[in-house]
Amino acid sequence: MAITQQIIFIAVLGVTAWLVFQRVGIIKRTILLGKDEDRKDQPGKRFATMLRVAFGQKKMFDRPIIGILHFAVYAGFILINIEVLEIVLDGVLGTHRLFAPLLGSFYPFLIGFFELLALGVMLACGIFLLRRTVTKVERLQPSRHREMNGWPQLDGKLILIFEIVLMFAILTMNAADSVLQDLGSVHYTSSGPFFISHALNPIFSGWNESTLIIYERVAWWLHIVGIFVFAVYMTYSKHLHIVLAFPNTYFSRLTPKGKMNNMPEITSEVKIMLGLETQAGDAQAVPERFGAKDVQDLSWKNLMDAYSCTECGRCTSACPANLTGKKLSPRKIMMDTRDRLEDIGRNMQANQGEFKDDGKSLMGDYILEEEILACTSCNACVQECPVLINPLDIILQLRRYKIMDEAHAPASWNAMFQNLDTNQAPWKFSPGDRFNWVDGLNSKAAE
C-alpha cells in the first residue's frame, strides 16, 4: 500500500510540475512580446525597494489593520511551505514526518509555530471573506466596478475558502496524527503534542485506529494535493502576484512618479527644429507606430505589471476620474491588458508558439477610448499600488497612439495642441503678451 501511495504521489507531483512549467513558459513568452526596456541600473537600490515593498509589505501597512491581516496570510504562505517540503519528501520517500528524528525536541515547537500561522491564515481569510460578502467593501463589488463581474469576483472568494480548507486539513491531520501517536500506531513516530492541533484531540479520542488512519491519510492527501492544485491555479489567477510581486518591485521605476517619459523620436525632432541636433547625426528613425495599439507596443515591464496585478482596487478607489463616475478604472486597464496577454498566449499555443493575427488589439477591443481620455495623469493609481504597478504608463502610451498615430483627439484637445504649436502655451494669446499681467502689478507697486 505504501509503495502504491508513493507511485501515485510521484505521478501527481510530476503532473503538477509539468503543468506549472507549461504555464510559466507561456507567461514568460507573452511578457517578452513587449519592447525592450533597461531596468538593470542601480541594483542595490532596486533590491532595497524589493525588500521593503514586496518582502516587507510596506505599502500594505498604509492601512494598518488590513496590512496586519494580509501579513498573516503572506507569512503563513511563506513559512508553512517549510512543512510542505517535509510532506513532499515524505510522499516521495514513503516516510512519515521525516524531519522529526532530525530535529528532536525542536520539531513539535516548529510544527506548533506553523500551526499558529495556519490559525492566523484561517482567521485573516475569514475576515477577508466577510469583507467581500457581508460588509461588501465598495472597491470589490461588481455592482460598482464592472471589471469585477463574473470570474474576478468568484476568484477572490474561492481562493479564500480554499485557503481556509487547506489550513483546516493540516490542523485536523496533525490532531489525528497526535492521537495515533498516543495509541502507539505503527508508522506514526512519536514527536510530542503540537501547539494548536493538540486542542482538537478530543474530537478524535473516541475513534478507532483504522478510522483515524483513514482520516489522517485523507487530510494529508487533501492538504498536499490542494497545495499542488493551488500552484497550478495561481498561474491562471490574480494570485500570480505572490510570485511576481518580487521581480515587479525590483524592476519598478526609480525616477519620481510624476515624471513622464518622453518619446525619444519626438524629442529628437523638437531638438532638430531648435537647432540642438542635426538631421544627419542624432535624429531618431521614424517609428513604425507612435504610442501603443496592442501589447506588443508596450514594454515588457508594462506586461509584467499586468500579470502582477492583485485586483485589490486601491488604484481605482483613489482615481478621481472613477470617483466622479467616468468609465476609467486603472484596475480594469491592468486586467484588460492581462486578458489580452492570455488571449495571445492561447493563440500561440494553438499555433506552435507563434502568434497569428486575430484581428484584435488592446486599444479598442479591450480598452475603450473613453477610458483613456478620462485619465487626468494625476498618478494617484501609481501611488496607491502595493506592488508598484504603473497603470498610467499604459494609459499614456494608448493615448499617444490615438492622438499621434490616428490623429483622433477631442476638439478641445486639438485647440490646445494648436495653441501649443503656435503660441508655445495652451492659451490662445501671443507669446509676446505672456507677461503683460506683470506690468499691472508693477504699476500698482509703484503707486
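In what follows, the accompanying structure is described. Keep in mind the model is a prediction, meaning the values are calculated, not measured.

Notes on the overall build of the chain
Here is step 1 of the chain: For the chain, the count of helices and strands is 20 helices and zero strands.
Here is step 2 of the chain: A compact globule built from 447 residues should have a C-alpha radius of gyration of about 22 Å, whereas the chain, at 28 Å, is more than 25% larger.
Here is step 3 of the chain: For the chain, the spread of C-alpha atoms along the principal axes amounts to about 100 × 60 × 45 Å.
Here is step 4 of the chain: Expressed as a percentage of its 447 residues, the buried residues of the chain come to 46%.

Observations regarding helix α2 (residues 43–55)
Here is step 1 of the chain: The set of residues buried in α2 consists of Arg 46, Thr 49, Met 50, Val 53 and Ala 54. Taken down its axis, α2 places every buried residue within 105° of arc, on the same side.
Here is step 2 of the chain: Tucked inside the fold, the buried residues of α2 contact α3 (64–93) and α9 (241–250).
Here is step 3 of the chain: Directly beyond the C-terminal end of α2, a positive phi value near 60° is found at Gln 57.

A word on a nonpolar patch on the surface
Here is step 1 of the chain: Taken together, the side chains of Leu 102, Leu 103, Phe 106 and Phe 109 present a nonpolar region at the surface, about 440 Å² in accessible area.
Here is step 2 of the chain: Structurally, the position occupied by Leu 102 is in helix α4 (residues 99–103).

Focus: unusual backbone geometry
Here is step 1 of the chain: Even without being glycine, Gln 42 reaches a positive phi, approximately 45°.
Here is step 2 of the chain: Position of Gln 42 relative to the elements: it lies in the loop between α1 (2–31) and α2.
Here is step 3 of the chain: Note on Gln 42: relative accessible area 42%, which makes it partly exposed.

A short note on the side chain of Arg 338
Here is step 1 of the chain: In this structure, Arg 338 sits in helix α14 (residues 330–350).
Here is step 2 of the chain: Excluding its chain neighbours within four sequence positions, the residues that come into contact with Arg 338 are Lys 238, Ala 306, Tyr 307, Cys 309 and Glu 311.

Concerning a positive patch on the surface
Here is step 1 of the chain: On the surface, a cluster of positive charge is made up of Lys 45, Arg 52, Lys 58 and Lys 257.
Here is step 2 of the chain: You can see Lys 58 is positioned in the loop between α2 and α3.
Here is step 3 of the chain: When its relative accessible area of 44% is taken as the criterion, Lys 58 is described as partly exposed.

Describing the packing of aromatic side chains
Here is step 1 of the chain: Enumeration according to the criterion identifies 16 aromatic pairs in this entry.
Here is step 2 of the chain: The interplanar angle of 50° and the centroid separation of 5.8 Å between the aromatic rings of Phe 71 and Tyr 74 together place this pair among those described as tilted. With Phe 71 and Tyr 74 both in helix α3 and three residues apart, this pair spans about one turn of that helix.
Here is step 3 of the chain: Taking 5.3 Å as the distance between ring centres and 45° as the angle between the ring planes, the aromatic pair formed by Phe 204 and Tyr 215 counts as tilted. Residue Phe 204 is found in helix α7 (residues 201–204), and its partner Tyr 215 is found in helix α8 (residues 209–234); the two are separated by 11 residues along the sequence.
Here is step 4 of the chain: Phe 204 sits in the buried class, given a relative accessible area of 3%.
Here is step 5 of the chain: With a relative accessible area of 24%, Tyr 215 lands in the partly exposed category.
Here is step 6 of the chain: Taken together, the ring pairs in this structure connect Phe 9, Trp 220, Trp 221 and Phe 228 into an aromatic cluster.
Here is step 7 of the chain: Across the ring face of Tyr 236, the terminal group of Arg 23 is positioned such that the distance to the ring centre comes to 4.0 Å.
Here is step 8 of the chain: Residue placement shows Arg 217 over the ring face of Trp 220; its charged tip is 4.7 Å from the ring centre.

The rules behind each value
- Residues numbered from 1 in each chain as written.
- Predicted model: local features only at pLDDT ≥ 70, side-chain atom pairs only at ≥ 80, totals over all residues.
- Heavy atoms only, no water.
- Helix = DSSP H or I, 4+ residues; strand = E, 2+ residues; numbered from the N terminus.
- Rg over C-alpha atoms; globule rule 2.2 N^0.38 Å.
- Buried < 20%, exposed > 50% of the residue type's maximum accessible area, 1.4 Å probe, protein only.
- Arc of directions from axis to C-beta.
- Contact = heavy atoms within 4.5 Å.
- Patch = residues over 30% accessible without salt bridge, like charges linked within 9 Å, V, L, I, M, F, W, Y side chains within 5 Å.
- Areas by Shrake-Rupley, 256 points an atom, 1.4 Å probe, with all protein chains shown as cover.
- Salt bridge = Lys/Arg side-chain N within 4 Å of Asp/Glu carboxyl O.
- Lys, Arg positive; Asp, Glu negative; His and termini not counted.
- Charge placed at Lys NZ, Arg CZ, Asp CG, Glu CD.
- Phe/Tyr/Trp six-rings, centres within 6.5 Å; stacked < 30°, edge-to-face > 60°.
- Lys NZ or Arg CZ within 6 Å of the ring centre and 35° of its normal.

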